[in-house]
Amino acid sequence: MKKFPKNFIWGASSSAFQIEGGWDEGGKSMTVADFNSFKHSHEQADSKVASDFYHHYKEDIALMAELGMKLYRFSIAWSRIIPSGDGEVNEEGVAFYNDVIDELLKKDIIPFITLYHFDLPYPLVEKYNGWEARECAYAFEKYARVCFERFGDRVKFWQVHNEQNLMIRVDERMNIDIEDKHKADQVRAQMDYHMFLAHALATNACHEMIQDGKIGPAVSSTMTYPTTNKPKDVWAAKMNDRFKTDYCLYMHYYGEYPGYYKKYLKECDIEPHTKPEDEALLKSAKMDFIAINYYRTLSASYLPADDQHPKGTRYKDIDFDQYGYFRIDKNENLVATEYGAQIDPMGLRLVLNHYYDDYHLPLIITENGMGTPDILTEDGKIHDEYRIAYLKDHIGAIYDAIEDGVEVIGYSPWSFMDLLSSHQGFKKRYGLVYVDRDDFNIKECKRIKKDSFYWYQKVIQNHGLD
Ligand code: BG6
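So, here's what we can say about the structure. (Residues numbered from 1 in each chain as written. Predicted model: local features only at pLDDT ≥ 70, side-chain atom pairs only at ≥ 80, totals over all residues. Heavy atoms only, no water.)

Here's the deal with the side chain of N331
Mapped onto the fold, N331 is located in the loop between strand 10 (326-329) and helix 14 (345-359). Its relative accessible area of 9% is what places N331 among the buried residues. In terms of polar contacts, N331 uses its side chain to reach the backbone amide nitrogen of N333, at 2.9 Å. Residues within four places of N331 in sequence aside, it is in contact with Y225, S299 and Q342. (Helix = DSSP H or I, 4+ residues; strand = E, 2+ residues; numbered from the N terminus. Buried < 20%, exposed > 50% of the residue type's maximum accessible area, 1.4 Å probe, protein only. Polar contact = N/O pair within 3.5 Å; in protein donor to acceptor, adjacent residues only side chain to side chain. Contact = heavy atoms within 4.5 Å.)

Details of the packing of helix 11 (residues 231-254) against helix 12 (residues 259-267)
Running from N to C, helix 11 and helix 12 cross one another at 115 degrees; their axes reach a closest spacing of 10 Å. Our pair here, helix 11 against helix 12, has a crossing hand that is left-handed. Contact residues: helix 11 offers R242, F243, D246 and Y247, while helix 12 offers Y260, Y261 and Y264. Here the contact of helix 11 with helix 12 is composed, by residue class, of five nonpolar, no polar and two charged. (Axes fitted to C-alpha atoms, helices over the stretch in contact; angles between N-to-C directions. Left-handed = near helix turned anticlockwise from the far one by under 90°. Nonpolar A, V, L, I, M, F, W, Y, C, P; charged D, E, K, R; others polar.)

Notes on the side chain of Q159
When you line up the elements, Q159 lands in strand 5 (residues 157-162). Under the relative-accessibility criterion, Q159 is labelled buried at 0%. In this structure the side chain of Q159 is engaged in a polar contact, spanning 2.9 Å, whose partner is the side chain of R73. What Q159 contacts, discounting residues up to four positions off in sequence, is R73, F112, I113, T114, L115, G216, A218, F289, A291 and T366.

Things to note about the pattern of salt bridges
Under the counting rule described, the total for this entry stands at 28 salt bridges. Of the charged contacts in the structure, one is a salt bridge between E208 and R145, with a shortest N-O distance of 3.1 Å. Here E208 is found in helix 10 (residues 181-209), whereas its partner R145 is found in helix 7 (residues 135-151), with 63 residues between them in sequence. Assessed through its relative accessible area of 55%, E208 is described here as exposed. Given the relative accessible area of 26%, R145 is considered partly exposed. The salt bridge partner of D171 is R188, with a shortest N-O separation of 2.8 Å. Linking D171 in helix 9 (residues 171-174) with R188 in helix 10, this pair joins segments that are 17 residues apart in sequence. When its relative accessible area of 32% is taken as the criterion, D171 is described as partly exposed. For R188, a relative accessible area of 9% corresponds to the buried category. Salt bridges sharing partners connect three or more residues here, namely D374, D384, R387, D418, R429 and K450. (Salt bridge = Lys/Arg side-chain N within 4 Å of Asp/Glu carboxyl O.)

What to know about the nonpolar core
Grouped together as the largest cluster of nonpolar side chains are 141 residues, with contacts concentrated most on W78, W131 and W158. Here the element with the most residues in this core is helix 10; it accounts for 14 residues. Counting residues in each nonpolar core, the second largest holds seven residues, with A218, F289, A291 and I364 among its members. (Core = buried A, V, L, I, M, F, W, Y, C linked by side-chain atoms within 4.5 Å.)

Here it is in structure tokens:
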């Protein structure tokens, strides 16, 4: 029996544009996530209806209670609260989230809110290309303050940006559409910096406005193994972790970029514009925890420089073109999901140990799960034993990390219910609850409990694994 510490919290997660639907209802404006998803409407489901949480939320929260969840990690759509991005507050949007929060609290479920999960209000893109402008950080602060003021009496746990470190590398998510690589990287670095400012502003506002408020970032964690034990492969693996995730946590914690990142920005001539007062702001914002999203591990090997890549070559997965040292390899020791994510519970134990060693802050897992097609049987069941195995092994790894001395305060897998996957619509499913729709036939979006739902319900009841 693997019993978890008394205060350990079991939850499940989602994000606004991936579940809500009602994309233009209740005064909401279009977001960057909507804009991108509409571009692919002919290929897969889009965010117009998604899982239709907007109209099913009472039923969904009743299911959360039946599951036994103690925490629900979800995001607020900025575009419902302030449709223009930086102007008037939309009371209908506030009322919607007030209802969701109250419904959760009635069922003794802690609302754990992400302020921004890939869905920047599109009007801010039209106005000044979103995060490229410093104003965007102040618009975000304003939005965060509205949320803290309206919901902070009941909501004590907040996440700022979901996976800034990953989002920044995905052009679509950032609305970067620039052919010139140097220029694109310059804009990216500037956007990243403004997001750090926004993070600091929101963190300080939370502490100022909410009594007992706790706030932190959610990072897309990376664990990269060297493909061989050659020292340069070890270095390559380290560089991959640093450039993908570690620099971001370092900046959140110390309020400045680590040396290797400063060097990269300088050598590539993409240092962002800053103001003298930023330093004090960035250093003053103290995160209370680190939220970790974990799906897989990677493997990397060193590649020497060549004529075209004077500082080393790289694999397409890494965007630091001019600075790359490495290639991402297949790890022959691991099995991957149908969609290529290498399944590796031990990697989660390593990640938890690594971040705790570095920062000694409480950790919570806010995403972890298996994305795969599910089969709805004729008698209306989903026998997802593969997902049960995945979750069981990862929960086991968390247990081991806790035994190692790491302070892990909760587990909130991805996802509570099936939702719009970033690249595969409703073909790829993560949920504990099946949503009966497919990419082009929305049907009634009926909710069906999967076998993993009943399994996780027992885990919560037993407060651990058998
Ligand atoms: C995380 C995101 O990076 O990965 C989620 O925070 C996303 O929004 C999840 O759904 C899984 O990725 P995908 O592409 O399978 O949906």
